[in-house]
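# Descriptive structure summary
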Amino acid sequence: QVRLVESGGGLVQAGGSLRLSCAASGRTFSMWHMGWYRQAPGKEREFVAAIFSSGAITKKADSVKGRFTISRDNTKNTVYLQMNSLKPEDTAIYYCNSVDWGTARPRDSWGQGTQVAVSS
């Protein structure tokens, strides 16, 4: 079982930036593909971005392409989400999880997430 702790959320104006972090427990972090998801009020949780275990490949939802960048540091068991040019519609609770690369579905239990609020 992996433990995930997200941080870095906050309130930002439209056009601003935030960097989210997700610290994962476990000695085999470098073997996991990792992803970010988000859940806006009244909506289902959705896929945002994923990064291959080695960090060499990433994929993103169309809604964040060109604005968000996912990265990881396997020496720190941490995955990041750099969010630029934020829009009000990016407002959501953001979660990380290990991910099935083929389906982009999460594989483990959810952490508490980190709240991102973008004002217009």
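In this report, the structure presented in the accompanying data block is examined. Please read these numbers as outputs of a predicted model, since none were measured by experiment.

Turning our attention to the overall build of the protein chain. Along the protein chain, the regular secondary structure elements total 0 helices and 10 strands. A compact globule built from 120 residues would reach a C-alpha radius of gyration of about 14 Å, and the protein chain, at 13 Å, matches this within 12%. When the 120 residues of the protein chain are sorted by exposure, 42% land in the buried category. Carbon and sulfur atoms make up 47% of the accessible area of the protein chain, which amounts to about 6300 Å² in all. Looking at charge distribution, the protein chain has the averaged site of its 15 positive side-chain charges lying 4 Å from that of its 9 negative ones.

Moving on, we come to the sheet that holds strand 7 (residues 68-73). Spatially, the 4 strands line up as an open sheet ordered 1-3-8-7, and their pairing is antiparallel. Either end of the sheet is taken by a strand with one partner, and the two such strands are strand 1 (4-7) and strand 7. The mean inter-strand angle of the sheet, taken between neighbouring strand axes irrespective of direction, is 15°. Note: strand 3 (residues 18-24) against strand 8 (residues 78-83), 6 bridges, orientation antiparallel. When the sheet's bridge partners are listed, Leu20 is paired in strand 8 with Leu81.

Attention now moves to the pairing of strand 10 (residues 114-119). Judged by which residues are buried, strand 10 turns out to be one-sided: Thr114, Val116 and Val118 face inward and are buried, whereas Gln115, Ala117 and Ser119, on the alternate face, are not. Pairing of strand 9 (residues 92-98) with strand 10 involves 3 bridges; the strand directions are antiparallel. Each residue of the ladder has a partner; that of Ile93, found in strand 10, is Gln115.

Not every positive phi belongs to a glycine, and Asn77 is a case in point at roughly 50°. Along the chain, Asn77 falls in the loop between strand 7 and strand 8. Residues other than glycine seldom take positive phi values, yet Ser85 does so here, at roughly 50°. Considering the arrangement of structural elements, one finds Ser85 in the loop between strand 8 and strand 9.

A few words now on the nonpolar core. One broad trend across soluble globular proteins is that nonpolar side chains are buried collectively. Grouped together as the largest cluster of nonpolar side chains are 28 residues, with contacts concentrated most on Trp36, Val48, Phe68, Val79, Leu81, Met83 and Tyr94. Those elements that place two or more of their residues in this core are strand 3, strand 4 (34-39), strand 5 (46-51), strand 7, strand 8, strand 9 and strand 10. Looking at which element gives the most residues to this core, the answer is strand 3, with 4 residues.

Relative to the assigned elements, Pro41 resides in the loop between strand 4 and strand 5. Under the relative-accessibility criterion, Pro41 is labelled exposed at 69%. Between the C-alpha atom of Pro41 and that of Phe52, which follows or precedes it by 11 residues, the distance is 29 Å.

Reading the values: the criteria
Residues numbered from 1 in each chain as written. Predicted model: local features only at pLDDT ≥ 70, side-chain atom pairs only at ≥ 80, totals over all residues. Heavy atoms only, no water. Helix = DSSP H or I, 4+ residues; strand = E, 2+ residues; numbered from the N terminus. Rg over C-alpha atoms; globule rule 2.2 N^0.38 Å. Buried < 20%, exposed > 50% of the residue type's maximum accessible area, 1.4 Å probe, protein only. Areas by Shrake-Rupley, 256 points an atom, 1.4 Å probe, with all protein chains shown as cover. Lys, Arg positive; Asp, Glu negative; His and termini not counted. Charge placed at Lys NZ, Arg CZ, Asp CG, Glu CD. Pairing = 2+ DSSP bridges. Axes fitted to C-alpha atoms, helices over the stretch in contact; angles between N-to-C directions. Core = buried A, V, L, I, M, F, W, Y, C linked by side-chain atoms within 4.5 Å.

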